[in-house]
Amino acid sequence: MQWTLVVPLKPLARAKSRLSDTADDGVRPGLALAFAQDTVAAAVAAPAVRSVVVVTDDRLAARELAALGARTVPENPHEGSGDGLNAALRHAEAVVRGVHPQSPVAALNADLPALRPGELARVLNAAAEFPRSFLSDAAGTGTTLLAATPGHGLSPAFGPDSRRRHRRSGAVELALADVDSVRQDVDTGDDLRAALGLGVGPRTAAAAARLLIPGQ
């Protein structure tokens, strides 16, 4: 099964506000872009992935991620902003299914800088067994990947405690070991240190090298 991955990315100027303990306002946009670049580069290289669609209104991010092989689409201007991330995912899913109605679709976080193609492929292969499924994040409260096989909608429920919300929505939680790179999203300085410990992609490594990170 060849998947289309949908990767939502908010405007870089507003991204990663919780990293303020590690990076100031002038640095965070570059870090957010580096995370997304390494995430997309790994996703494009995964054998189970047919295409990657990034949904963003940020022109710089769209240009840089398109250069890595992703298709980019803007957020839907007709959707309200109150449900931003989930609205962006529903819009991107509609765009994908409008062209490939029978494509399996998975939403993937844009902040997985340690992502490894082989581990992502393992998660997607496991997801192919269920109508809807998800992978929880390293913290155990969030979601880094939500998948839907042909004939089923993503029905995203991202936000606080999304692990619980996706469970309640009927999505099957994928119980997989040794896929740490798919679980390790980066919201805080501690998350970044954990990702660096796993081994991040080259763009994040270069961006992080310019930071003085407590505890490193």
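One can find the structure itself at the top, above this paragraph.
Reading the values: rules and limits
Residues numbered from 1 in each chain as written. Predicted model: local features only at pLDDT ≥ 70, side-chain atom pairs only at ≥ 80, totals over all residues. Heavy atoms only, no water. Axes fitted to C-alpha atoms, helices over the stretch in contact; angles between N-to-C directions. Helix = DSSP H or I, 4+ residues; strand = E, 2+ residues; numbered from the N terminus. Parallel < 35°, antiparallel > 145°, perpendicular 65-115°, else oblique. Left-handed = near helix turned anticlockwise from the far one by under 90°. Contact = heavy atoms within 4.5 Å. Buried < 20%, exposed > 50% of the residue type's maximum accessible area, 1.4 Å probe, protein only. Arc of directions from axis to C-beta. Nonpolar A, V, L, I, M, F, W, Y, C, P; charged D, E, K, R; others polar. Pairing = 2+ DSSP bridges.

Caption draft 1: View of the packing of helix 1 (residues 28–45) against helix 8 (residues 202–209). Their axes nearest at 7 Å, the elements helix 1 and helix 8 cross at an angle of 160°. Relative to helix 8, helix 1 is oriented roughly antiparallel. Helix 1 and helix 8 meet at a crossing whose hand is left-handed. Together, Leu-31, Ala-34, Phe-35, Gln-37, Asp-38 and Ala-41 of helix 1 and Pro-202, Arg-203, Thr-204, Ala-207 and Ala-208 of helix 8 make up the contact between the two elements.

Caption draft 2: Geometry of helix 7 (residues 189–198). Looking only at helix 7, the buried set comprises Gly-189, Asp-191, Leu-192 and Ala-195. With its buried residues spanning 155° around the axis, helix 7 presents them on a single face. Across helix 7 from its buried face, at more than 90 degrees, point the exposed residues Asp-190 and Gly-197. Of the surrounding elements, those touching the buried residues of helix 7 are helix 1 and helix 8. Positioned one or two residues after helix 7, Gly-199 has a phi angle of 105°, which is positive.

Caption draft 3: Quick look at the packing of helix 1 against helix 2 (residues 59–66). Running from N to C, helix 1 and helix 2 point in directions that differ by 30°, and their axes come no closer than 10 Å. The angle between helix 1 and helix 2 falls in the class roughly parallel. The interaxial crossing formed by helix 1 with helix 2 has right-handed handedness. Contact residues: helix 1 offers Leu-33, Ala-36, Gln-37 and Val-40, while helix 2 offers Leu-60, Ala-61, Glu-64 and Leu-65. For the contact of helix 1 with helix 2, a count of residues per class yields 6 nonpolar, 1 polar and 1 charged.

Caption draft 4: Region of interest: the sheet that holds strand 1 (residues 3–8). An order of 3-2-1-4-6-5-7 is seen for the 7 strands of this open sheet, with the pairing classed as mixed. Each having just a single partner strand, strand 3 (71–73) and strand 7 (172–173) make up the two edges of the open sheet. In the sheet, strand 4 (residues 105–108) pairs with strand 6 (residues 143–148) via 4 bridges, with the strands oriented antiparallel. If you follow Ala-106 over to strand 6, its bridge partner there is Ala-147. Across the sheet, helix 3 (residues 84–99) lies against strand 1, strand 2 (49–55), strand 3, strand 4 and strand 6, angled at about 150° from strand 1, the strand it touches most.

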